[in-house]
Amino acid sequence: MLDRLWSILSHDIGVDLGTANTVVHVKGMGVVIREPSVVARHLKTKEILAIGTEAKKMTGKTPENIEVVRPLRDGVIADFDAAEAMLKYYIKEVQQMMGGLKASLGRPKVVVGIPSGVTEVERRAVHEATVNAGARQAFLIEEPMAAAIGAGLPVMEPTGQMVVDIGGGTSEIGVISLGGLVLNRSLRIAGDELTEAVINFARLKYNLLLGDATAEQVKIAVGSAYPVKSESEGKPLSMVVRGRSLENGLPKSQQINSVELREALASVVRQILNEIALVIEETPPELVSDILERGMILAGGGSLLRGIDKLIAEETGMPVWVTEKPMEAVVRGCGMVLENEKLLRQVRVVRGLD
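Predicted model only: the values in this text are computed from it and were never measured.

1. Digging into the domain arrangement of the protein chain
Here the domain parsing of the protein chain yields domain 1 (153-188 + 264-324) and domain 2 (195-262). Listed as interface residues are 12 residues of domain 1 and, on the opposing side, 16 residues of domain 2. Counting each side, the surface lost to burial between domain 1 and domain 2 is near 1,000 Å², with a carbon and sulfur contribution of 63%. Looking only at domain 1, the three residues that lose the most surface to domain 2 are A264, L265 and R306, adding up to 62% of its buried area.

2. Regarding the sheet that holds strand β5 (residues 48-51)
Pairing within the open sheet is antiparallel, and its 3 strands lie in the order β5-β4-β6. At either end of the open sheet lies a strand with only one pairing partner, and these are β5 and β6 (66-69). For this sheet, the mean angle separating the axes of adjacent strands, direction not counted, is 20°. In this fold helix α3 (residues 80-98) packs onto β4 (39-42), β5 and β6, with an angle of close to 65° to the strand it touches most, β5.

3. Here we look at helix α9 (residues 258-282)
An ideal rise of 1.5 Å per residue puts 36 Å on 25 residues; α9 measures up with 34 Å between its terminal C-alpha atoms. The sharpest bend along α9 measures roughly 45° and falls at A266. Near the N-terminus of α9, the side chain that reaches the backbone nitrogen of V259, with its oxygen 3.0 Å away, is that of N257.

4. Examining unusual backbone geometry
A positive phi angle, near 55°, is found at L178, a position not held by glycine. Along the chain, the position of L178 falls in the loop between β12 (171-177) and β13 (180-187). Although it is not a glycine, K325 adopts a positive phi angle of roughly 45°. Note on placement: K325 falls in the loop between β18 (320-322) and α12 (329-338). The exposed category is assigned to K325, whose relative accessible area is 52%.

5. Focus on the sheet that holds strand β15 (residues 238-245)
Read from one edge to the other, the open sheet built from 3 strands follows the order β14-β15-β16, with strand pairing classed as antiparallel. In this open sheet, the two edge strands, each paired with only one partner strand, are β14 (208-209) and β16 (251-257). Relative to β16, β15 runs antiparallel, the two sharing 7 bridges. Across the sheet, the residue bridging to V241 is Q254, located in β16. The strands touched by helix α7 (residues 191-206) within the sheet are β14 and β16, with β16 carrying the most contacts at an inclination of about 110°. On top of the sheet, helix α8 (residues 212-222) reaches β15 and β16; it is set at about 165° to β15, its chief contact.

6. Topic: the pattern of salt bridges
Tallied over the full model, the rule gives 18 salt bridges. Of the charged contacts in the structure, one is a salt bridge between E275 and R185, with a shortest N-O distance of 2.7 Å. On the criterion of sequence distance, the pair formed by E275 in helix α9 and R185 in strand β13 is long-range, its members being 90 residues apart. We classify E275 as buried; its relative accessible area is 16%. Take R185: its relative accessible area is 21%, and that puts it in the partly exposed class. Across the pair E260 and K205 runs a salt bridge, and its minimum N-O distance is 2.9 Å. A residue pair is termed long-range when its members are at least 10 positions apart, and E260 in helix α9 and K205 in helix α7 qualify at 55 residues. Salt bridges linked by common partners bring R41, K46, E67 and D79 together as one network.

About the cut-offs
- Residues numbered from 1 in each chain as written.
- Predicted model: local features only at pLDDT ≥ 70, side-chain atom pairs only at ≥ 80, totals over all residues.
- Heavy atoms only, no water.
- Domains from an automatic or database assignment.
- Contact = heavy atoms within 4.5 Å.
- Buried area = accessible area lost by both parts, 1.4 Å probe.
- Pairing = 2+ DSSP bridges.
- Helix = DSSP H or I, 4+ residues; strand = E, 2+ residues; numbered from the N terminus.
- Axes fitted to C-alpha atoms, helices over the stretch in contact; angles between N-to-C directions.
- Expected span 1.5 Å × (residues − 1).
- Bend = angle between axes of the 7 residues up to and from the residue.
- Polar contact = N/O pair within 3.5 Å; in protein donor to acceptor, adjacent residues only side chain to side chain.
- Buried < 20%, exposed > 50% of the residue type's maximum accessible area, 1.4 Å probe, protein only.
- Salt bridge = Lys/Arg side-chain N within 4 Å of Asp/Glu carboxyl O.

Shown next, in the form of structure tokens:
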């Protein structure tokens, strides 16, 4: 009875607590928050100064008494206090959206997506941070399962489904059947490593030092895993980037195109491809047959890298699809299990306090 009363007074929340971005889904409302997973705070007092977009704008521009931190690294909590503050801030934001009595009394039930390869200690850290941030109950589900549910796959059926979720800190590869992960790999190589590859490329080839934000812009603007159509016409994608020259320390501009950048990203993409191939090799033949018929689903921000679906399809010989709004797939899955108690009982990893 008490739990039903809390449900009336609060909106339940799904959270994709990502290394690069945090996305929040509210039951009955859809995705309401999509912000960078960044916190700015005073170095000595630890006072929180900004969270999300405002904090990301401060990156590389702060005085000595302010630090900008990313609470998560490789998909797990690296700074517990910052992660808790970030979760608390977003829960409060949701409550303010709700307004009235619900905002003052309601404590939400929260479902959080986590990498499939985290340790028990890392799982407990996420659970504890979520409860401390104001959750009435905290449930954790593995990201490949959440992404599959969010992509609309029939995860409860006795058929094989394969999901590859390429996020900021981890690449999650999972084969799903009968509501469980038959096989899964959590590779701590993903979007951050692609950004780092851009930085290394600019430094080694052009003696140009780029910041993380600029490198990410380059990756999004001209990055690719497979030749883009315009290259066949002799017109590769290109952009001018600005950074600091390592030769004389002065500002420097340099044009970078999609052909040379693809070569720079190739080693990171290859590691993800190799991991996908290993999972397919270990998958039971009956499930491989199902996957070959239904195709592989890509989710996460990394799936937006131009041509990565074509490259995976070419390398594996399987049809590959990018799900609709891939950056929201995990949080959509978290939201969908909030609306289906039976499904939540089946796919949760750790149950919170009742």
